[in-house]
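One letter stands for each residue in the lines below.
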Amino acid sequence: MSIAKLASTRSTCLRRKVGAVIVKNKRILATGYNGAPRNMQHCLEIGCLREKLNIKSGERHELCRAIHAEQNAVIQSAVSGVSIEGADIYCTTFPCVLCSKIIINAGIQKITVMEGYPDELSQQMLDEAGIEVQYLDSADLISIDKEEVEELL
């Protein structure tokens, strides 16, 4: 989960920083964070449409420039040709219904999250699909300082 938290620091969303890591057999297969699609301006640069329209969290996902962290991680694995069927995903935030549907169809078997998200339909769909959801206490995380990591690179 600490790696998902570190990935979230790359987020360009003004509302919520989210990171995701897909793991199988103790190997990291893909990471993702929320931000605008490739070669497009980020909300950091042009502002947040959802803020301007006063859209509440958990509503009207289509009115957002960003691709969610979970979506980006699944896309990264597809672009790289890496199968994620049977994998686990670690997300800093509980997935929305759109991400949950993608997670279900990708064959991911378990989701570990740090914080909740107001989406009852998402939880219902994950329950129906038999996907295990585990909540992790943030106190269990290893502390990672972004500046220290950047110095190593």
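We now turn to the structure provided with this report. Please read all numbers here as calculations on a predicted model, not as lab measurements.

All right, on to the pairing of strand 1 (residues 19-24) then. Side-chain direction in a regular strand flips from residue to residue, so the side chains alternate between the two faces of the sheet. Judged by how many residues are buried, strand 1 sits mostly within the fold: 5 of 6 residues are covered. As judged from the 6 bridges shared by strand 1 and strand 2 (residues 27-33), these two strands associate in the antiparallel manner. Directly across from Ala-20, in strand 2, lies its bridge partner Gly-32. Counted between consecutive antiparallel strands, the loop separating strand 1 from strand 2 contains 2 residues, among which Asn-25 sits at a positive phi close to 55 degrees.

Quick look at the sheet that holds strand 1 now. Spatially, the 5 strands line up as an open sheet ordered 2-1-3-4-5, and their pairing is mixed. The sheet is open, and its two edges are formed by strand 2 and strand 5 (132-135), each paired on a single side. Pairwise comparison of adjacent strand axes, ignoring direction, gives a mean angle of 20 degrees for this sheet. Two strands pair when backbone bridges link them, and strand 1 and strand 3 (residues 88-93) are joined in this way by 4 bridges, in the antiparallel orientation. Opposite Val-21, over in strand 3, you have Tyr-90 as the bridge partner.

The next thing to look at is the packing of helix 4 (residues 69-80) against helix 5 (residues 97-106). Helix-helix packing is described using two parameters, namely the angle between the two axes and the distance between the axes. Orientation of helix 4 relative to helix 5, taken along the N-to-C sense of each, is 30 degrees, at an axis distance of 9 Å. The orientation of helix 4 with respect to helix 5, classified from their angle, is roughly parallel. Considering the relative orientation of helix 4 and helix 5, their crossing is left-handed. Of the residues in helix 5, those touching helix 4 at Glu-70, Gln-71 and Val-74 are Leu-98, Cys-99, Ile-102 and Ile-103.

Let's shift gears to the pairing of strand 3. Most of strand 3 is tucked away, with 5 of its 6 residues classed as buried. The pairing of strand 3 with strand 4 (residues 110-115) spans 5 bridges and is parallel. Residue Asp-88 lies in a different strand from strand 4, and its bridge partner there is Lys-110. Handedness of the β-α-β unit built from strand 3, helix 5 and strand 4 comes out right-handed.

Scanning the entire structure with this criterion turns up 2 salt bridges. The salt bridge involving Glu-115 is made with Arg-16; its shortest N-O contact spans 3.5 Å. Note that Glu-115 is positioned in strand 4 and Arg-16 in the loop between helix 1 (2-8) and strand 1, a separation of 99 residues in sequence. Exposure remark for Glu-115: the relative accessible area of 37% places this residue in the partly exposed category.

The biggest cluster of nonpolar side chains holds 22 residues, and the ones touching the most others in it are Ile-22, Ile-84, Ile-89, Ile-108 and Ile-111. When near neighbours in sequence (up to four residues on either side) are disregarded, Ile-111 contacts Ile-89, Cys-91, Pro-95, Ile-103, Leu-126, Ile-131, Glu-132, Val-133 and Gln-134. Counting 5 residues, the second-largest nonpolar core is a separate cluster that includes Met-1, Ala-4, Val-21 and Val-23.

If a residue is not glycine, its phi is most likely negative; likewise, a peptide bond is most likely trans. Phi at Asn-25 is positive, roughly 55 degrees, even though this residue is not glycine. The residue Asn-25 is located in the loop between strand 1 and strand 2 in this model. With relative accessibility at 68%, the residue Asn-25 sits in the exposed group.

All right, on to the packing of aromatic side chains then. Taken as a whole and assessed by the stated rule, the structure comprises 1 aromatic pair. Ring centres 6.5 Å apart and planes at 5 degrees place the aromatic pair Phe-94 and Tyr-135 in the stacked group. Linking Phe-94 in the loop between strand 3 and helix 5 with Tyr-135 in strand 5, this pair joins segments that are 41 residues apart in sequence. Note on Phe-94: relative accessible area 4%, which makes it buried. Judged by relative accessible area, which is 47%, Tyr-135 ranks as partly exposed.

Cut-off values and rules
Residues numbered from 1 in each chain as written. Predicted model: local features only at pLDDT ≥ 70, side-chain atom pairs only at ≥ 80, totals over all residues. Heavy atoms only, no water. Buried < 20%, exposed > 50% of the residue type's maximum accessible area, 1.4 Å probe, protein only. Helix = DSSP H or I, 4+ residues; strand = E, 2+ residues; numbered from the N terminus. Pairing = 2+ DSSP bridges. Axes fitted to C-alpha atoms, helices over the stretch in contact; angles between N-to-C directions. Parallel < 35°, antiparallel > 145°, perpendicular 65-115°, else oblique. Left-handed = near helix turned anticlockwise from the far one by under 90°. Contact = heavy atoms within 4.5 Å. Right-handed = clockwise from strand over helix to strand, strands pointing away. Salt bridge = Lys/Arg side-chain N within 4 Å of Asp/Glu carboxyl O. Core = buried A, V, L, I, M, F, W, Y, C linked by side-chain atoms within 4.5 Å. Phe/Tyr/Trp six-rings, centres within 6.5 Å; stacked < 30°, edge-to-face > 60°.

Nothing here speaks to function; it is geometry throughout.
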